[in-house]
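Below are the chains, spelled out letter by letter.
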Amino acid sequence: MVLKVFFPSCCSSADSGILIGRWLSEQNSAVILAVVHFPFIPVQVKQYLGEVQRVTKVNVSVLGSWSNSKQEKEESLSEFLEDLGTIFCHEPWIQISKEGDSKFWSCSTLRKHSKNPQEEEIILVYYDQRKVMLSHLHPPLDTAGQRAEDASKLSAIFDTVARSQVLFMTDRYDEGPIKLTHWQSDGVEASIIVELMKQASVPACMLLTFLLSLLSGVCRSRVLKFWPLSFLWSKLSTCEQLGHRLQHLQVISSNKKAQNQNQLMRKADIFVSLLIDVALGILLMSWLYRKNRIGHLADTLIPVADHVAEELQDLLQWLMGAPAGLKMNRALDQVLGRFFLYHIHLWISYIHLLSPFIEMILWYVGLSACLGLTVALCILSDIIALLTFHIYCFYVYGARLYCLKIYGLSSLWRLFRGKKWNVLRQRVDSCSYDLDQLFIGTLLFTILLFLLPTTALYYLVFTLLRLLVVIVQGLIHLLVDLIDSLPLYSLILRLCRSYRLAAGVKFRVLEQQDGKPLRLLMQINPLSYGGVVQTYRLPTYSCYPKDSWASLCKKLFLGELIYPWKHKGEKQN
């Protein structure tokens, strides 16, 4: 029968003593948790183990003896360690000894109450107690009182180590009668600064929670539900990003304890994302307000707007002639060209009217970078939307006119075939038309068909301009989504402490020799970087169109409007 002994690698250099751990009878395995050094009083050890068992609900007992022959070479010690088996009465009594400078260890079992003693095959498995403790491969601690469904799984070993935190609070430097060696034998991993930060974070979180509750109450008030404010709140990406960050702050400042590892990692990822976002925003703000860059930006903005308006005027003059040698409908071409030229004239007048206040507006907008780089990027996207509002108007006019002609032609084409669209049943039905209806339909179809190339050309040009603006805004929102949703803390943890994001375990053979126990090393398999991103990616809102290429081409052909972003719960028209 195979006996598996899980021995912590941190105890390999411990002084001689007795082994404390848990016996798993279902697996015929022993999980060693610590080594108790000499001298000790057996009664005190039993009392201490009883207290640990009462707190942790783990059946902790003395499993055997440990002898470090490099330090102790007296024969009386080995005899004394064997006699301890009669005091603590555990079957089997495990004896592990280190053979001087040799790399081989001896591990044997002693069964005093067995009538038919048989030689057992022993597998000695080394494990890193610290990595096993922090790997979170064990079952949730809130179910620690329940028995595992399958005791043969390795989760029982991880669960034993995770639930024995009270045992690790005592080390060999304590003044008590019991000296232990385990993964925290050099002192509990903590610092005064960390403890002070933990104590100071409680009132800070309470104050932040109170302020956020007031702010969220204002956001949910009825004032923001009236038409102008509700429209701006739903259309401006800056308002969406502020609401998104407000939800993140509420998650961080919540006093509710995380239920599992994913919730804990999500809070940490949000906190790191906020810190990096604010730090980048402050760097951007310091760069903008240095060397009067705000003034230079304001002085450059007006000439750029004038240049764009001039290019649009030249484009319209080209369309009003014979673009690419195409012969357009002269009357409709002149009407559309003059209509769009008048809008450009209005836009130039509007820009020059705001020119004295642009520097002041940019100065106050630059202050918003202290809220984070993502907020500044969203404001930039909204500014681009406002500066290209005339292009959007051109696109809407052209799309509506083109859409009207396409649907008119499709309806008149059904008239030629003796069909009509049934609105109630949402299908095409047969229909008989008289001669007057066919004549008027033929006349309208001819007019719309010959006017379609002129309208389609204007629609194509302004759609390309609109797509250019949408692509720029989409790239900005992609960067915002990257900062918002990238699990930076998880990636840093995967890089520095990969065992904290464990996907499983693997075993490596250390030693295999006849007459000696098989020695294995249990290692933690970390998650891949792609698995980290998929598992701990933060949920965020959609800032850019996610339609397929086929759907996008269909919308362009039918003249349906394209918006630069699509929010949650909002459908595109």
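Residues numbered from 1 in each chain as written. Predicted model: local features only at pLDDT ≥ 70, side-chain atom pairs only at ≥ 80, totals over all residues. Heavy atoms only, no water.

1. So, the pairing of strand 1 (residues 2–8)
Phase 1 of the analysis: Counting buried residues in strand 1 gives 5 out of 7 residues, a clear majority hidden from the surface.
Phase 2 of the analysis: In this structure, strand 1 lies alongside strand 7 (residues 121–127), joined through 7 bridges in parallel fashion. What sits directly across from F6, in strand 7, is V125.
Phase 3 of the analysis: Pairing between strand 1 and strand 3 (residues 29–37): 3 bridges, direction parallel. Each bridged residue has a counterpart across the sheet, and for K4 the counterpart in strand 3 is S29. (Buried < 20%, exposed > 50% of the residue type's maximum accessible area, 1.4 Å probe, protein only. Helix = DSSP H or I, 4+ residues; strand = E, 2+ residues; numbered from the N terminus. Pairing = 2+ DSSP bridges.)

2. Brief notes about the environment of L449
Phase 1 of the analysis: For L449, the location among the structural elements is in helix 14 (residues 435–485).
Phase 2 of the analysis: Between the C-alpha atoms of L449 and I406, which are 43 residues apart in sequence, the distance is 9.2 Å.

3. What to know about the UniProt feature "transmembrane region" (unreviewed entry) in the chain
Phase 1 of the analysis: In this structure's numbering, the residues bearing the UniProt feature "transmembrane region" (unreviewed entry) are residues 200–219, 270–289, 335–354, 361–388, 394–416, 437–461 and 467–492.
Phase 2 of the analysis: The straight-line gap between the two end C-alpha atoms of residues 437–461 is 35 Å; of that span, 100% is helix and 0% is strand. (UniProt positions renumbered as here; feature names shortened; annotations may be inferred.)

4. Points about the pairing of strand 2 (residues 17–24)
It is a general feature of regular strands that their side chains alternate between the two faces of the sheet.
Phase 1 of the analysis: Counting buried positions over the 8 residues of strand 2 gives 7, a clear majority of the element.
Phase 2 of the analysis: Sheet topology note: the strand 2/strand 3 ladder contains 8 bridges and is antiparallel. Looking across to strand 3, one finds that W23 is bridged to A30.
Phase 3 of the analysis: Between the end of strand 2 and the start of strand 3, which pair antiparallel, lie 4 residues, with N28 showing a positive phi angle near 55 degrees.
Phase 4 of the analysis: Bridge count for strand 2 against strand 4 (residues 60–68) is 6 bridges, and the pairing is antiparallel. Across the sheet, the residue bridging to L19 is G64, located in strand 4.

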